[in-house]
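Summary of the model geometry
For reference, the chains in residue letters:
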Amino acid sequence: MRFMADQLDIGVGLGHGLRLRGPVMVASGTFGYGFDAPLVDRSALGAIVTKGTTPRPRAGNAPTRIAETPSGMLNAIGLQNPGVEHVAREYAPIWASWEVPVIVNVAGDAIQDYVEVARRLDGVAGVAGLELNISCPNVVNGLQFGLDPRLAAELTMAVRRATELPLIVKLTPNVTDIVAVGRAVEAAGADAVSAINTYVGMAIDVRRRRPMLSRGSGGVSGPAIKPMALQAVWQLAAELSIPVIGIGGITTPSDALEFLLAGAVAVQLGTVNYLRPESTREVLDGIAQYMHQHRFNNLRALPIRGVRAMAHA
Ligand SMILES: Cc1cc2nc3c(=O)[nH]c(=O)nc-3n(C[C@H](O)[C@H](O)[C@H](O)COP(=O)(O)O)c2cc1C
């Protein structure tokens, strides 16, 4: 099917001047730094979100770092990345020549780590925004910020002061009340939130009598988490005024549309990139086709009316 972008307004605003030409992004950790997927049609992407980046290079966890689970996968990569200096010097100049905006996912063990990365990337050509990973279950201290609304707000505020870049905060589902964390980061100056990161989980190899992953537990992603992710997005969209980006188990246009109908302004595709890298193009085309068929001429018209009231029902 031909993409009908010309007839439709599928642009998305994520705040702080960050505008995407379309609502389909690739999720952090499943697309490297944008260089490893030569077969992917970058023109289908609204934005690329990079692997989590820390102040200094990290080797990540020892193997085994991934395992397949029913309708999904487990990973405990442990934030393997080349460090912010390498990203700023070697990668950003290349991104500056791309049409698609690149958003750098930021991680760390302490507030100072996030601030350091944000400061280094502030004003660097080729970096369109930051996504703060306050929700990584696969490193020591990775989850701590995302579990506590007060800490999440403190971190967001500190990064906000360190950079003029658009700021997305990525939330963890491993909490009792994701909306409380969303509200806290909104009040602290986040321009948007993305939801969700992976669920903590594990698998055991019964033959060898040991966990599948070297670290024991890891993060569950893929279609298995979609219903929970969708409900988190539905609640967040009802409660927050800033844009919500939906993530979790999206593999088809219909999956993506569910998130957009629930109130997400854009979606990120993660695990599916490993299986079918052409999915991003198919999802974008499918959204355009749906809008055309149902006579929506812009994405803002998609969310189910009364999301707010229904989320409280
Ligand atoms: C192998 C792998 C590595 C990931 N690395 C990161 C990361 O560095 N930072 C981050 O915020 N999320 C990371 N994620 C989480 C994804 O960005 C996404 O939130 C999650 O996988 C749910 O989406 P999905 O079901 O479409 O994969 C990673 C996921 C996978 C599968």
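Preceding block: the structure.
These remarks concern the structure in this document. Predicted, not measured: the structure shown is a model, and the values here were computed from it. (Residues numbered from 1 in each chain as written. Predicted model: local features only at pLDDT ≥ 70, side-chain atom pairs only at ≥ 80, totals over all residues.)

1. Describing the overall build of the chain
Note the threshold: Elements are defined by DSSP. Helices are runs of H or I of four residues or more, strands are runs of E of two residues or more, and each kind is numbered from the N terminus. Here the radius of gyration uses the C-alpha set of atoms, whereas the globule reference equals 2.2 Å times the residue count to the power 0.38. Put simply, a residue is buried when 20 or more other C-beta atoms lie within 10 Å of its own C-beta and exposed when 12 or fewer do; between those, it is partly exposed, and each C-beta is set from the backbone. Contact between two residues is assigned when their C-beta atoms, built from the backbone, lie within 7 Å.
From N to C terminus, the chain includes ten helices and 16 strands. For 313 residues, the compact-globule estimate of 2.2 N^0.38 gives 20 Å, and the chain sits close to it at 18 Å. With the C-alpha coordinates aligned to their principal axes, the bounding extent of the chain is approximately 50 × 50 × 40 Å. Counting across all 313 residues of the chain, residues that qualify as buried make up 50%. In the chain, of all internal contacts separated by at least 6 residues, the share reaching a separation of at least 24 is 72%.

2. What to know about the site of the ligand
The following threshold applies: By definition, a residue lies near a molecule or strand provided its backbone-derived C-beta atom is within 6 Å of it. Each residue receives one of three labels: charged for Asp, Glu, Lys and Arg, nonpolar for Ala, Val, Leu, Ile, Met, Phe, Trp, Tyr, Cys and Pro, and polar for the others, Gly being one of them.
Gly29, Gly52, Ser221, Gly270 and Thr271 are the nearest of the 25 residues found near the ligand. Among the residues forming the shell around the ligand, the class breakdown is eight nonpolar, 15 polar and two charged.

3. A look at helix H1 (residues 84–95)
Here is the rule: The arc in question is formed by the directions pointing from the helix axis toward the C-beta atoms.
Here H1 has its buried residues at Val84, Val87, Tyr91 and Trp95. Axial view of H1: buried residues confined to an arc of 80 degrees, hence all on one face. Exposed side of H1, more than 90 degrees from the buried face: Arg89, Glu90 and Pro93 are the residues found there. The elements touched by buried residues of H1 are strand E7 (102–106) and helix H2 (111–121).

4. Topic: the nonpolar core
Generally speaking, a soluble globular protein has its nonpolar side chains buried in company with each other. The test is simple: A set of buried Ala, Val, Leu, Ile, Met, Phe, Trp, Tyr and Cys residues, joined through C-beta atoms within 7 Å, is what we mean by a nonpolar core.
Counting residues in hydrophobic clusters, the biggest one holds 93 residues, and the most contacted among them are Leu130, Ile168, Val193, Ala195, Val233, Ala264 and Val267. A per-element tally of this core places helix H6 (residues 226–239) first, with seven residues. Once residues lying within four places of it in the same chain are set aside, the contact partners of leucine 130 are Ile103, Val104, Val106, Ala118, Leu121, Thr163, Leu165, Leu167 and Ile168.

5. Quick look at the sheet that holds strand E9 (residues 167–171)
Under the convention used in this document: Think of it this way: DSSP has to see at least two bridges between two strands before they count as a pair. Here an axis means a line fitted to C-alpha atoms, over the contact stretch when the element is a helix, while the angle between two N-to-C directions is reported on a 0 to 180 degree scale.
Spatial strand order, E3-E4-E7-E8-E9-E10-E15-E16: eight strands in a closed barrel with parallel pairing. Each adjacent strand pair in this sheet contributes to an overall mean axis angle of 25 degrees, direction not counted. In terms of strand pairing, strand E3 (residues 24–26) meets strand E4 (residues 47–49) through two bridges, oriented parallel. What sits directly across from methionine 25, in E4, is alanine 47. Those strands touched by helix H5 (residues 178–187) are E9 and strand E10 (192–195), and its axis lies near 165 degrees from that of E9.

6. Section: the pairing of E9
Within a regular beta strand, the side chains point alternately toward one face of the sheet and then the other, so they alternate between its two faces. This is how it is decided: A clockwise path from the first strand over the helix to the second, with the strands pointing away from the viewer, defines a right-handed crossover.
Counted residue by residue, E9 has five buried out of five residues, so it is predominantly covered. Relative to E10, E9 runs parallel, the two being bridged by four bridges. Its bridge partner lying in E10, isoleucine 168 is registered against alanine 192. In the classification by handedness, the crossover that spans E9, the intervening H5 and the parallel E10 is right-handed.

7. Description of the pairing of strand E8 (residues 129–133)
A large share of E8 lies buried, amounting to five of its five residues. Pairing analysis gives four bridges linking E8 to E9, with the strands arranged parallel. When the bridges of E9 are listed, glutamate 131 appears paired with isoleucine 168.

8. Quick look at unusual backbone geometry
Apart from glycine, the bulk of residues carry a negative phi angle, and the bulk of peptide bonds sit in the trans form. For the bond running from proline 63 to threonine 64, omega is 0 degrees, close enough to zero to count as cis. Topologically, threonine 64 is positioned in the loop between E4 and strand E5 (66–69). Note the cis peptide between alanine 195 and isoleucine 196, where omega equals 15 degrees. If you check the backbone angles, leucine 79 has positive phi at about 60 degrees while not being a glycine.

9. Description of the sheet that holds strand E11 (residues 199–202)
An order of E5-E6-E14-E11 is seen for the four strands of this open sheet, with the pairing classed as antiparallel. Edge positions in the sheet fall to E5 and E11, since each of these pairs with one other strand and no more. Here the strands of the sheet are splayed against their neighbours by 40 degrees on average, with no regard to which way each runs. Taken together, the four bridges between E5 and strand E6 (residues 72–75) define a ladder with antiparallel strand orientation. Each bridged residue has a counterpart across the sheet, and for isoleucine 66 the counterpart in E6 is asparagine 75.

10. Describing helix H4 (residues 149–162)
The following threshold applies: Expected helix span is taken as 1.5 Å per residue step, with the number of steps being one fewer than the number of residues.
In this model, H4 (14 residues) spans 20 Å end to end at C-alpha, consistent with the 20 Å of a helix rising 1.5 Å per residue. Considering only its buried residues, H4 is in contact with H2, E8, helix H3 (144–147), E9 and H5.

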